[in-house]
Amino acid sequence: RAGAAGVRSVSEFLDQIAKVQSADFLPDEMKLESERLFRIAQADYLDDHAIKAEIAVSHSLALNPENDEAKNLLSRILAQHNRDLLDALQYGDDSMQRGDADKAIAEWKKVLDRDPGNFDAQKRLESNVEAIRAFVETRSRAAQRSDESGEVIEALKIYNRVIAVD
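Residues numbered from 1 in each chain as written. Predicted model: local features only at pLDDT ≥ 70, side-chain atom pairs only at ≥ 80, totals over all residues. Heavy atoms only, no water.

Remarks on the overall build of the chain
Phase 1: In terms of helices and strands, the chain carries eight helices and zero strands.
Phase 2: For the chain, the proportion of its 166 residues judged to be buried stands at 35%.
Phase 3: Contacts in the chain between residues at least 24 apart in sequence constitute 48% of all its contacts with a sequence separation of at least 6.
Phase 4: Only carbon and sulfur atoms are counted for the fraction: they give 52% of the accessible area of the chain, which is about 10,300 Å². (Helix = DSSP H or I, 4+ residues; strand = E, 2+ residues; numbered from the N terminus. Buried < 20%, exposed > 50% of the residue type's maximum accessible area, 1.4 Å probe, protein only. Contact = heavy atoms within 4.5 Å. Areas by Shrake-Rupley, 256 points an atom, 1.4 Å probe, with all protein chains shown as cover.)

Listed below in structure tokens is the structure:
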């Protein structure tokens, strides 16, 4: 997955898998290495390191595609990933309904960071452009008023919220 720790791009991730597959293992060694990587993936998953777990289990399956336990773990990891994305989308929707545009945008951006092509997050950002623009303008004016009245710290806090959205 792009942006994952230790993996800068999808192509690099696939290159890693190709290297694992092309490693010079004897058949028994390949099975043992696959099992070792699967155990690492399990531990990472239990420690809530889903990205590391996904990488390790993918490597395990590259060595032994018939490993049903690894297939099951990968399915659980992907299902959890999808639930996390849906939760973030929902939290963003709820935030926007409450008028917390900056929180909504942060959640939708979080989805796009994890899944850059996520249509749902892109659609939400596009359909709320006017609300986002209004938030930026309103908060910018509030920051300016705070600054003009000598409340510099408050003005900086407001500007930071605007910058995070913009």
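Here we look at the packing of helix α5 (residues 101-114) against helix α6 (residues 119-127)
Phase 1: Remark: α5 packs on α6, axes separated minimally by 8 Å, with the N-to-C direction vectors making an angle of 150°. Two packed elements cross with a definite hand, and for α5 against α6 that hand is left-handed. In contact with I105, W108, V111 and L112 of α5, α6 contributes A121, Q122, R124 and L125. (Axes fitted to C-alpha atoms, helices over the stretch in contact; angles between N-to-C directions. Left-handed = near helix turned anticlockwise from the far one by under 90°.)

A look at the confidence of the model for the chain
Phase 1: In this model, the chain carries a mean pLDDT of 85, and residues with pLDDT of at least 70 account for 87%.
Phase 2: Mean pLDDT values for the elements of the chain range from 67 in helix α1 (residues 10-22) up to 95 in helix α4 (residues 68-97).
Phase 3: This stretch, residues 1-7, has a pLDDT under 50; its non-local contacts, to residues over four places away or in other chains, come to 19 contacts. (pLDDT = per-residue confidence, 0-100.)

Points about helix α3 (residues 50-63)
In an α-helix, one turn spans 3.6 residues; hence positions three or four apart end up facing the same way.
Phase 1: For α3, which comprises 14 residues, the first-to-last C-alpha distance of 20 Å matches the rise-based estimate of 20 Å (1.5 Å per residue) to within 8%.
Phase 2: Within α3, 11 of the 14 residues are buried, leaving the element largely enclosed by the surrounding structure.
Phase 3: Taken together, the buried positions of α3 are A53, E54, I55, A56, V57, S58, H59, S60, L61, A62 and L63. (Expected span 1.5 Å × (residues − 1).)

Quick look at the pattern of salt bridges
Phase 1: Counted according to the given criterion, the structure contains seven salt bridges.
Phase 2: A salt bridge links R39 to E35; its shortest N-O distance comes to 2.6 Å. Of the two residues, R39 and E35 are both situated in helix α2 (residues 27-46); the distance of four residues between them amounts to about one turn of the helix.
Phase 3: Under the relative-accessibility criterion, E35 is labelled partly exposed at 26%.
Phase 4: D100 serves as the salt-bridge partner of R98, at 3.6 Å between the closest nitrogen and oxygen.
Phase 5: Overall, the relative accessible area of 21% leaves D100 in the partly exposed class. (Salt bridge = Lys/Arg side-chain N within 4 Å of Asp/Glu carboxyl O.)

Some words on α5
Phase 1: Relative to the 20 Å expected for 14 residues at 1.5 Å per residue, α5 spans 20 Å between its end C-alpha atoms, a close match to the ideal helical length.
Phase 2: Residues A101, D102, A104, I105, E107, W108, V111 and L112 constitute the buried set of α5.
Phase 3: Residues of α5 that are buried sit in contact with α4, α6, α7 (129-148) and α8 (152-165).

Description of a nonpolar patch on the surface
Phase 1: Among the surface-exposed residues, V152, I153 and L156 lie close enough to one another that they form a single nonpolar patch of about 280 Å² accessible area.
Phase 2: Along the chain, L156 falls in helix α8.
Phase 3: Look at L156 and you get partly exposed, because its relative accessible area is 46%. (Patch = residues over 30% accessible without salt bridge, like charges linked within 9 Å, V, L, I, M, F, W, Y side chains within 5 Å.)

What about the packing of α5 against α8?
Phase 1: Relative to each other, α5 and α8 sit at 35°, their axes nearing to 9 Å. Two packed elements cross with a definite hand, and for α5 against α8 that hand is left-handed. For the pair formed by α5 and α8, the contact residues are D102, I105 and K109 on the first element and R161, A164 and V165 on the second.
Phase 2: Residues that form the contact of α5 with α8 fall into these classes: three nonpolar, no polar and three charged. (Nonpolar A, V, L, I, M, F, W, Y, C, P; charged D, E, K, R; others polar.)

Description of the nonpolar core
It is characteristic of soluble globular proteins that their nonpolar side chains tend to be buried jointly.
Phase 1: Core analysis: the biggest nonpolar cluster contains 17 residues, and M96, W108, V111, A121, L125, I132 and V165 have the highest contact counts within it.
Phase 2: Contributing elements (two or more residues each) for this core: α4, α5, α6, α7 and α8.
Phase 3: The element best represented in this core is α5, accounting for six residues.
Phase 4: Filtering out sequence-adjacent residues up to four positions away, V165 remains in contact with D102, I105, K109, I132, F135 and V136.
Phase 5: A53, V57, L73 and L74 belong to the second-largest nonpolar core, a separate cluster that totals 10 residues. (Core = buried A, V, L, I, M, F, W, Y, C linked by side-chain atoms within 4.5 Å.)

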